[in-house]
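For reference, the chains in residue letters:
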Amino acid sequence: MPERLGCLFYSTGSPYARICRMGVLEAGLADRISESETTLRDPAAAVLPFSPVGRVPALVLQDGTTLTETSLVLAWLDRMGGAPRLMPTEPPAMAAYGRVLGLLDGIAVWNRELRRPVQERSPGVLVLEETRANRVGDALERDVAGGGYARLDAGWLALAATLGYCVRRHTAWDWRRGRPSLGDWFDAAAARPAFQVTLPPSNGM
Ligand SMILES: N[C@@H](CCC(=O)N[C@@H](CS)C(=O)NCC(=O)O)C(=O)O
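Each chain has its residues counted from 1, running along the sequence as written. Local features are withheld for residues below a pLDDT of 70 in this predicted model, meaning they are given only at 70 or higher, and side-chain atom pairs are given and counted only at 80 or more; totals for whole chains, interfaces and linings count all residues. No hydrogens and no water enter the side-chain calculation; it runs on all heavy atoms of the structure.

## Considerations on the sheet that holds strand S3 (residues 58–61)
Move 1: The strand order across the open sheet built from four strands is S2-S1-S3-S4, with neighbouring strands paired in mixed fashion. Single-partner strands in this sheet number two, and they are strand S2 (33–37) and strand S4 (66–68). Between one strand and the next, the sheet's axes are offset by a mean angle of 25 degrees, whatever the strand orientation.
Move 2: Two strands qualify as a pair provided that DSSP identifies no fewer than 2 bridges between them. Every helix listed is a DSSP run of H or I at least four residues long, and every strand listed is a run of E at least two residues long, numbered separately from the N terminus. In terms of strand pairing, S3 meets S4 through three bridges, oriented antiparallel. Counted as the bridge partner of Val60 is Thr66 from S4.
Move 3: Contacting strand S1 (6–10) and S2, helix H1 (residues 15–26) crosses the sheet at an angle of about 145 degrees to S1.
Move 4: Contact criterion: two residues are considered in contact whenever any of their non-hydrogen atoms come within 4.5 Å of each other. Note on geometry: axes are lines fitted to C-alpha atoms, helical ones only across the stretch in contact, with angles between N-to-C directions running from 0 to 180 degrees. Each of S2, S3 and S4 touches helix H2 (residues 70–79); the most contacted strand, S4, lies at about 120 degrees to it.

Pasting the structure below:
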């Protein structure tokens, strides 16, 4: 029996947790890390006894230590001998990962704004985040056309999870329009088993 390493708390809709879930699968550690689904923003959430932050991903290690934050979880998977290594160490790949995390953070803000009642939404925030997403989307189109995001690492996982989130949970952003290379990249990424078994529920905004 392989040594058990920990338990990853996730919610099915979370793109951040999905990055880690796909990372566990792609790094070949699925038989050593179990998964546990939790609710969010809920005083009864299963993750709260392990993390006062109450967010996912949260990885509870065997000694009770809880790691939160996607990048810290990915770095720990590398430390546990996962292969391929996920966290980039060279500046171009680090920049590529950071670019997608910035996009995802902006989309999370945009999506949260859209979930408010119409009269409570801030038009300024909506415009800012849509503009940011389009700017980064155009840069990603150029990156991918030039051969970027080809290696399966944290940047790859984050890009697959972010675009996958937009397909099923943030349809407000028509990211494919005018971005054929990004569309082709996503279709290839979406064919991988780790992507297919972590699909979020459709709840398009
Ligand atoms: N910076 C964090 C972001 C994680 C995050 O925002 N997770 C969301 C789900 S997508 C969450 O748990 N939200 C619940 C809450 O805010 O209480 C990371 O990189 O892991």
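## Let's talk about the packing of helix H3 (residues 91–114) against helix H4 (residues 123–145)
Move 1: Look at H3 against H4: their axes get within 9 Å of each other, and the N-to-C directions meet at 150 degrees. The angle between H3 and H4 falls in the class roughly antiparallel. For H3 against H4, the interelement crossing comes out left-handed. Of the residues in H4, those touching H3 at Arg99, Val100, Gly102, Leu103, Gly106, Val109, Trp110, Glu113 and Leu114 are Val125, Leu126, Glu129, Glu130, Arg132, Ala133, Val136, Ala139, Leu140 and Asp143.
Move 2: Charged means Asp, Glu, Lys or Arg here, nonpolar means Ala, Val, Leu, Ile, Met, Phe, Trp, Tyr, Cys or Pro, and polar covers whatever is left, Gly included. Looking at the contact of H3 with H4 residue by residue, the class counts come to 11 nonpolar, two polar and six charged. With respect to orientation, any angle under 35 degrees is reported as roughly parallel, any angle over 145 as roughly antiparallel, any angle of 65 to 115 as roughly perpendicular, and every other angle as oblique. What makes a crossing left-handed is the near helix being turned counterclockwise from the far one by less than a right angle; a clockwise turn instead makes it right-handed.

## With respect to the site of the ligand
Move 1: Taken together, Ser14, Pro15, Tyr16, Leu40, Arg41, Arg55, Val56, Pro57, Glu69, Thr70 and Arg112 make up all the residues around the ligand.
Move 2: One of the side-chain N or O atoms of Thr70 is found 2.8 Å from an oxygen atom in the ligand.
Move 3: For the accessible areas, the method is Shrake-Rupley and the probe is 1.4 Å, while residue cover comes only from the protein chains on display. Within the complex, the protein chains bury 79% of what would otherwise be the 520 Å² of accessible surface of the ligand.
Move 4: Here the ligand is seated within the largest pocket. It suffices for a single heavy atom of a residue to lie within 4 Å of a molecule or strand for the residue to be listed as near it. Residues adjacent in sequence count toward polar contacts only when both atoms are side-chain atoms; beyond that, a polar contact is any pair of N or O atoms within 3.5 Å, and within protein one must be able to donate a hydrogen and the other to accept it. Detection works on a 1 Å grid of protein atoms alone, calling trapped sets that fit a 1.4 Å probe cavities and calling open sets with protein on both sides within 12 Å along at least five of seven lines pockets, with lining residues defined by an atom within 4 Å of a point. What decides whether a molecule sits in a cavity or pocket is whether more than half of its atoms lie within 2 Å of the grid points.

## What about the pattern of salt bridges?
Move 1: What makes a salt bridge here is a side-chain nitrogen of Lys or Arg within 4 Å of a carboxyl oxygen of Asp or Glu, nothing more. Scanning the model with the defined rule gives 10 salt bridges in all.
Move 2: A salt bridge links Arg177 to Asp174, with the shortest nitrogen-to-oxygen separation between them at 3.1 Å.
Move 3: We classify Arg177 as exposed; its relative accessible area is 65%. Buried means the residue's accessible area, taken with a 1.4 Å probe over protein chains only, is under 20% of the maximum for its type, while exposed means over 50%, and partly exposed covers the values in between.

## Focus on the pairing of S2
Move 1: Here S1 runs beside S2; their pairing, made up of five bridges, is parallel. Counted as the bridge partner of Phe9 is Ser36 from S2.

## Digging into the layout of surface pockets
Move 1: Taken as a whole, the largest pocket encloses approximately 890 Å³ of empty space.
Move 2: Taken together, 26 residues form the lining of the largest pocket, with Ser14, Tyr16, Arg41, Ala108 and Arg112 sitting closest to its centre.
Move 3: Looking at the lining of the largest pocket, the elements with two or more residues in it are H1, H2 and H3.
Move 4: Take the lining of the largest pocket: its biggest share by element is seven residues, from H3.
Move 5: For the lining of the largest pocket, the per-class residue count stands at 11 nonpolar, eight polar and seven charged. Grid points are joined across faces, edges and corners, and a volume is the space filled by probe spheres set on the points.

Any functional reading would require information beyond the geometric quantities listed.
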